[in-house]
Every structure is written in structure tokens, then in C-alpha cells.
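Secondary and tertiary structure notes
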Amino acid sequence: QSTWGQHSTMSSSSNATETSVSADSAKKSGASGSSGPKSGSQSEDQIDQKTKFELARKAHLKGDVEATRAAHANAKHTEEHKSAGEYVKAMVFGGLDGICTTFAVVAGVTGANLSVGVVLVLGFANLFADGLSMGLGEYVSGRAEIEFIKGERAREEWEFENVPEDEKQEMVDLYVEKGLEREDAVIVIDILSKKKDFFVDQMLNDELGLAVADIDGSPFKQGLAMFFAFVVFGAVPLLAFIVARGVQGAGKSTRDPFIASCLMTAAAMFVLGCLKSRFESGGTKITQLLWGGCVMLFTGAFSSGVAYAIGVILEFLIKDDKAKCG
């Protein structure tokens, strides 16, 4: 607590300086506002949040500082980095897992030289069972994470209300470890602690590494996104076998539709990889998109190749069973 006593004068001086700067800023903004366009509370030139976000991303990729300033200056309100990207992780993970696991079944059955009907039975059973499992798992884990963050936030809030000086000292020590001078850290924490909710959120982030923004997420929607992505992308390897079943009838070999399934699955994986790259870094460069697609394609090809090889190796087990039954 002696630290706070030593720097109380500095803190007061900082507040006075801050007040003076705020007053000067208000005067400047008033002067500039008088010359700018006026139309109610917002300028007609202001852009919506989605457009601003896209412009800011493009400016960052180009390294265009002026375009970045323009995007921020014309935005209607502060930027939010979580929009559609909030569900990208669930969709990409679900889609990739759906394609890989379903195509692994297809490759394994084809390697064992079984019928189209067997592929469809095993494929759809895997598709919906794993899809439900993945979706429910995403929901349950998301709920558990939110409850954990809420519990830790309640604890930090209680500690701040009962032992505020100790909590402040912890934050000062953390900021000193990150490179701030102790005097500067004391001034910063003294200012931040005036807003309890904001300070508690900072403690949660800096001390425990937990993001308060995650509390606002929807585990149900994320689980639903994962389930549908799993089913939609996971159904792609089965489409060729559905057509083959209708055209060729029962009991036919999987060799013919397997080639078509490989091509369709490769295309779906490539598209999924491109989408992942697009949302992951906001990239629009063709090289970034192609690289993301190739990485995803290689991942799926490797896992499916392993499944096919296992099917070929273990085909003798099925032959032995058929011989015994025959």
C-alpha cells in the first residue's frame, strides 16, 4: 500500500493533465465539427459496421494507413471483430471432420471391395451419429466455458470489493512484468480501478487469460452450426454412391463411384480450406486462398489414404468370413 501513497501526487497530477487535455480536445472537436457536414446526429457519409470492417481489413492487407483512418473516421460506431467469424471455428471444424470421417468410411469400404449399399449404410450412420456428437459436444463445452468465466469473474469482483488494494497491487505487478515502469503502472491501475466493471474485466483478461466477450456467445448456435456443417460437408462423399445405387442397383462394386466421390470430396475440401483462409485472416489475395485450400486438401487426402490402405490390408478378413458363410 506504500506504493499507492508514494504516487498519489503523481496520480492527481495525471488526472489534472487528463482533464486539461480533454478540454483542449473538446475545443478542437468543436472547432472541426463546425466546419464539417451536419445531418442530425450522424453524417450522411458514415458507413455501416460491416462495410467499415471490410474496408479496414483491405486497408490492413495493403498497408494503407490513410484508408485505415478513413474507415475508422466514417464508421457509425466502434468496431466489433466478432460477427460471422464467431461461428467460423465451429463450421470449419465440423465441415472438415464431416468430410474426413465420412470419406474415411467410404475409402475403407472401397478398399475392402464391398458393395455400394454397405457404403451408404455405414456412411449415413457415421454422418448423423458423429454429427450429433460433435454438435452436442460443442454446445456442452461452450456452456462449461461460459459458466467457468462467469464464476471466475464473480470471484474477481468479490475480491475487488473486499480487498481492492491487493487486487490493484496484483495488476501493477503484472503490468511491471510486461515492461511498464512501476510508477507508470500505478498511475494506469489507479485510473482503471475507478470503473469497477472495466477493471474486473481487465483482471480477468490479464491475470487469468479469460476473454469476457466469450460470455456473450451462444453455445447452442455454435453447436447447431457445427452439426449442420458436419452433415452438409460430410454428405458430399456419399452423393456419388447415392447416384450409383439408383442407376446400377444393389450389389454393385464401389470402384466406379469411388473415383467420382474422390473428385467431389477434393473439391469440397478445397472450397472449405479457402473459406477458412478467408475468415481466418480476412485475406482476399488469391495466393492466401489457394494455400488454405491446398492445406485442407492435403489433410483430407492423408487421412483418407490411411483409411483406404487399412481397408485393402484387412480385406482378407471379409473374404474369410464370406468363405465360411458360403
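Computed from a predicted model, the values in this text were never measured in an experiment. (Residues numbered from 1 in each chain as written. Predicted model: local features only at pLDDT ≥ 70, side-chain atom pairs only at ≥ 80, totals over all residues. Heavy atoms only, no water.)

The next point concerns a nonpolar patch on the surface. A surface patch of nonpolar side chains, about 700 Å² in accessible area, is lined by F298, F302, V306, I310, I313, L314 and L317. Its location among the elements puts F298 in helix α13 (residues 286–313). (Patch = residues over 30% accessible without salt bridge, like charges linked within 9 Å, V, L, I, M, F, W, Y side chains within 5 Å. Areas by Shrake-Rupley, 256 points an atom, 1.4 Å probe, with all protein chains shown as cover. Salt bridge = Lys/Arg side-chain N within 4 Å of Asp/Glu carboxyl O. Helix = DSSP H or I, 4+ residues; strand = E, 2+ residues; numbered from the N terminus.)

Another aspect to go through is unusual backbone geometry. Even without being a glycine, N113 presents a positive backbone phi close to 60°. Checked against the element boundaries, N113 lands in the loop between α5 (88–111) and α6 (116–162).

The tally for this structure, following the rule as stated, stands at five aromatic pairs. Measuring from ring centre to ring centre gives 5.0 Å for F160 and F199, while their planes differ by 45°; the resulting arrangement is tilted. With F160 in helix α6 and F199 in helix α9 (residues 196–208), this residue pair connects regions lying 39 residues apart in the sequence. Of the two residues, F160 and F199, both sit in the buried class. Centre to centre, the rings of F227 and F228 are 5.5 Å apart; their planes meet at 70°, and the pair counts as edge-to-face. On the accessibility criterion, F227 (18% relative accessible area) is buried. Through a chain of ring-to-ring contacts, the aromatic side chains of F103, F258 and Y308 assemble into a single cluster. (Phe/Tyr/Trp six-rings, centres within 6.5 Å; stacked < 30°, edge-to-face > 60°. Buried < 20%, exposed > 50% of the residue type's maximum accessible area, 1.4 Å probe, protein only.)

Evaluation of the coordinates by the stated rule reveals twelve salt bridges. The shortest N-O distance in the salt bridge between D201 and R153 comes to 2.8 Å. In this pair, D201 sits in helix α9 while R153 sits in helix α6, placing the two residues 48 residues apart along the sequence. A relative accessible area of 15% places R153 in the buried class. Through salt bridges with shared partners, a single network forms among R153, E157, E161, K196, D197 and D201.

Quick look at the packing of helix α7 (residues 164–177) against α9 now. Where α7 contacts α9, the two axes come as close as 11 Å, and the packing angle between them is 45°. With respect to each other, α7 and α9 are oriented oblique. Judged by the sense of rotation from one axis to the other, the crossing of α7 with α9 is left-handed. Across the interface between the two elements, E167, K168, E170, M171, L174 and Y175 from α7 touch F199, Q202, M203, D206 and E207 from α9. Broken down by class, the residue content of the contact of α7 with α9 amounts to five nonpolar, one polar and five charged. (Axes fitted to C-alpha atoms, helices over the stretch in contact; angles between N-to-C directions. Parallel < 35°, antiparallel > 145°, perpendicular 65-115°, else oblique. Left-handed = near helix turned anticlockwise from the far one by under 90°. Contact = heavy atoms within 4.5 Å. Nonpolar A, V, L, I, M, F, W, Y, C, P; charged D, E, K, R; others polar.)

Quick look at the environment of G223 now. You can see G223 is positioned in helix α10 (residues 219–234). In this structure the C-alpha to C-alpha distance between G223 and S133, which are 90 residues apart in sequence, comes to 9.7 Å. Ignoring any residue separated from it by four or fewer positions in sequence, one finds G223 in contact with G135, E138 and Y139.

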